[in-house]
Amino acid sequence: MESDDMDYSDDDDLDDAMDYYGNEDDIDNVDPKKTDPEFFMYECLTVDEVEKVLNESVEKLSNSLKITPSLAKVLLNEHRWNSNDIIDRYRDNASNLLVSSRIKSGNGKKVAHVTLLCPVCIQSHTFDKFQNLSCGHSFCKNCWSMHFEIQVSQGISTQIRCMAAGCDVLVPEDLVLSLISRPQVRDKYNQFSFQDYVKSHPELRFCPGTNCQVIIRSQDLSSKKASCKTCQTSFCFQCGNDYHAPTNCVTIKKWLTKCADDSETANYISANTKDCPKCNICIEKNGGCNHMQCMNCKHDFCWMCLHDWKSHGSEYYECSRYKENPNIANESAHAQNLIHLQAREALKKYLHYYERWENHSKSLQLEQQTLERLKNRINEKVMKGLNSTWIDWQYLFTAATLLAKCRYTLQYTYPFAYYASMDPTSSRKDLFEYQQAQLEAEIENLSWKIERAETTDRGEIENQMDICEKRRLTLLKDFFPTTTSDMNS
Amino acid sequence: MAVNMAVSRIKREFKEVLKSDEIAQCSIKLELANDNFTELRGEIAGPPDTPYEKGTFLLEIHVPETYPFNPPKVKFITKIWHPNISSVTGAICLDILKDNWAAAMTLRTVLLSLQALLAAAEPDDPQDAVVASQFKDNYEMFCKTAKHWTNVYAKGPHKFPDFDAKVQRLRDMGVNDFDARAALSRHNWDINLATNDIF
Ligand SMILES: [Zn+2]
Ligand SMILES: [Zn+2]
Ligand SMILES: [Zn+2]
Ligand SMILES: [Zn+2]
Ligand SMILES: [Zn+2]
Ligand SMILES: [Zn+2]
């Protein structure tokens with residue numbers, strides 16, 4: 001492990017150990033799908049590349065069904081680009097498919113257009129000025145093109161419909177483009193259609209980064225972390241929110257909504273100062289580490305629970321786990337009081353998890369600042385030429401990056417834990433809380449060591465990095481969210 | 001271009017609507033409210049065998065520049081008690097005035113559709129939730145209230161002296177006529193509940 005750009009998602013050490021004990025077969029070792037719970041195969045594509053991908057599907061379908069590419073596009077867009085499903089349904093009952101895809105009218109017989117009066121402009125025109133749709137409804141070309149232009153100006157493209165009352169047949173792309181004359185409107189139409197196609201395609205996602213044109217493609221439709229290689233934005237491939245394992249998509253949405261709703265109640269607890277439990281002097285938290293040392297009396301304590309840090313060496317468990325108050329039922333005989341107590345208890349419970357969620361998020365930011373300070377100090381040392389070069393300190397930045405990754409996962413264990421705590425049927429709750437506490441303890445340990453990097457042995461830090469990442473992967477392996485989560489959905 | 005289209009279309013519609021037989025039967029009516037063909041006044045007769053029978057309902061119609069590619073904006077000027085029409089603002093919940101509008105529809109289509117809406121309310125897609133719940137929970141009370149409103153606001157024939165008396169009692173307490181009637185209607189004509197609601 002001498003390499004400076006160590007990749008911690010590879011489980012080299014663990015695998016070696018497994019090989020040593022001979023209880024892990026070789027196939028698993030080379031298959032990252034099994035060893036890395038976060039393994040995600042995806043590609044970052046440009047608009048042109050995605051257009052090519054889409055056009056290939058369109059061409060294939062139009063060839064196999066002998067329909068125009070334009071109609072193939074309508075079919076694909078209406079059926080989430082599932083060509084096989086479309087072909088099966090077409091062979092089964094072509095007419096049904098065309099009606100349900102809004103290519104044909106469901107009213108059976110085509111409307112025969114006998115008059116030369118356009119029902120939209122209520123004016124008579126010569127026969128050649130008319131254009132009809134597959135449903136048989138016919139209008140003058142001038143009205144069609146005005147209809148298209150107004151729809152496009154309102155952001156509508158693939159969903160432009162026939163102009164007849166009660167007819168929901170869609171206008172295919174070739175007809176729209178043949179009757180829009182202004183180039184800017186055509187561009188807009190193509191742009192909006194492209195957006196519709198990407199949104200209806202299950203394997204494609206627009207990168208949520210601001211002004212980023214990248215489209216991410218994956219066949220793994222799960223809540224894995226996708227990172228845009230152009231703008232570095234990361235997100236959950238399934239729901240588009242910030243990556244949130246081990247919490248699943250439904251739960252994180254619930255949690256974020258709850259946090260937004262309860263932000264006022266939660267605000268008062270996010271203050272940045274606390275009193276030292278021994279000498280009562282006011283201490284401001286200025287690093288990400290939760291292991292606090294009072295500047296006045298040198299007392300070591302835990303920022304979260306204010307207990308002596310010594311009790312946390314092996315029992316950090318007590319700090320991450322919310323303890324139900326067993327006396328709640330006995331505290332009051334009065335029903336009214338009980339309801340009040342229960343409400344207060346529910347709020348206390350939520351605040352317990354929220355405080356930890358919020359605290360780790362703050363720690364992430366503070367650790368970033370610590371890293372900046374470290375950089376400056378190391379820079380000074382290197383400039384003074386004190387027997388060290390930048391390369392010698394590179395490991396520290398690797399360690400800080402790993403710390404951020406671990407703390408990020410730890411932060412996202414709290415929404416999971418909160419909802420699991422309310423579900424009496426969740427059998428794996430204890431295991432989860434145990435692993436969460438283990439991870440938390442190792443992360444604080446690493447954070448403490450990195451903050452004191454100049455006086456800490458490099459080997460010690462690297463060892464701690466290894467432990468942290470293993471804890472993180474163990475927790476994710478056991479609790480990575482499935483599409484229909486068993487524990488906290 | 002679009003402006004001209006809206007105006008010429010309205011002009012042509014006028015010929016179409018004015019010559020049709022509904023006018024002769026005084027069932028629907030349409031007239032200009034300004035000179036540039038953007039504001040119109042519509043009128044529909046309450047359909048027979050409904051609480052709105054023999055009432056006359058006025059509508060405010062605004063024609064957007066993109067008409068007929070976008071729907072006209074329509075609301076009731078005449079106060080009306082109906083699940084899909086706001087008893088306060090006259091705003092209408094009707095699909096063809098929103099997503100299901102089609103450019104081939106005309107103002108005549110709109111007026112006839114509104115008339116059909118008076119004959120067949122859709123309480124499950126309400127504009128006025130209070131009216132809708134009365135419609136579902138106490139249909140008889142709904143009919144009487146709607147008839148009463150038709151009488152007071154739309155020249156309908158059915159008088160309800162007990163309702164008028166209750167409105168008068170609230171007016172004596174300084175409440176204006178409409179607020180008094182709306183509060184009583186909301187509370188199934190229970191004067192105590194209505195009074196509590198107002199004060
Ligand atoms: Zn026309
Ligand atoms: Zn049609
Ligand atoms: Zn991006
Ligand atoms: Zn997600
Ligand atoms: Zn102290
Ligand atoms: Zn603690």
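Residues numbered from 1 in each chain as written. Chains lettered and ligands numbered in written order. Predicted model: local features only at pLDDT ≥ 70, side-chain atom pairs only at ≥ 80, totals over all residues. Heavy atoms only, no water.

**Concerning the domain arrangement of chain B**
Residue and element names in this part refer to chain B.
And step 1. Split by domain assignment, chain B resolves into domain 1 (2-119) and domain 2 (129-198).
And step 2. For domain 1 and domain 2, the distance between their C-alpha centres works out to 27 Å.
And step 3. Of the residues lining the interface, 15 residues belong to domain 1; the matching set on domain 2 comes to 19 residues.
And step 4. Both sides together, the interface formed by domain 1 and domain 2 hides about 1500 Å², and carbon and sulfur atoms give 76% of it.
And step 5. Looking at the side of domain 1 facing domain 2, the largest losses of area belong to Pro51, Trp81 and Pro83, adding up to 53% of the total buried there.
And step 6. Taken together, domain 1 and domain 2 are joined by zero salt bridges.
And step 7. At the junction of domain 1 with domain 2, the criterion picks out three residue pairs in polar contact (both at pLDDT 80 or more). (Domains from an automatic or database assignment. Contact = heavy atoms within 4.5 Å. Buried area = accessible area lost by both parts, 1.4 Å probe. Salt bridge = Lys/Arg side-chain N within 4 Å of Asp/Glu carboxyl O. Polar contact = N/O pair within 3.5 Å; in protein donor to acceptor, adjacent residues only side chain to side chain.)

**Focus: the side chain of A:Glu38**
All names here are of chain A.
And step 1. Locating Glu38 in the fold gives a position in the loop between α3 (32-35) and β1 (43-45).
And step 2. Relative accessible area serves as the criterion here: at 16%, Glu38 is assigned to the buried category.
And step 3. A distance of 2.8 Å separates the side chain of Glu38 from the side chain of Tyr243, its partner in a polar contact.
And step 4. The residues touching Glu38, leaving out its near neighbours within four places in the chain, are Lys224, Tyr243, Arg472, Leu473, Leu476 and Phe480. (Helix = DSSP H or I, 4+ residues; strand = E, 2+ residues; numbered from the N terminus. Buried < 20%, exposed > 50% of the residue type's maximum accessible area, 1.4 Å probe, protein only.)

**Points about the pairing of strand β4 (residues 73-76) of chain B**
Residues and elements named next belong to chain B.
And step 1. Residues Val74 and Phe76 point to one face of β4 and are all buried, whereas Lys73 and Lys75, pointing to the other face, are not buried.
And step 2. For strand β3 (residues 56-62) and β4, the ladder comprises four bridges, and the chain directions are antiparallel. Paired with Leu59 across the strands is Phe76, a residue of β4. (Pairing = 2+ DSSP bridges.)

**Brief notes about the interface of chain A and chain B**
And step 1. Taken together, the contacts link 16 residues of chain A with 16 residues of chain B.
And step 2. Here chain A packs against chain B, burying approximately 1400 Å² in sum over the two surfaces, 66% of which is carbon and sulfur.
And step 3. Summed over the shared surface of chain A and chain B, the number is zero salt bridges.
And step 4. Across the chain A-chain B interface, the total number found is five residue pairs in polar contact (both at pLDDT 80 or more).
And step 5. Sort the elements by how many residues they give to the side of chain A that touches chain B and helix α7 (residues 141-153) of chain A lands first, with four residues.
And step 6. Counted by class, the side of chain A that touches chain B contains eleven nonpolar, four polar and one charged residues. (Nonpolar A, V, L, I, M, F, W, Y, C, P; charged D, E, K, R; others polar.)

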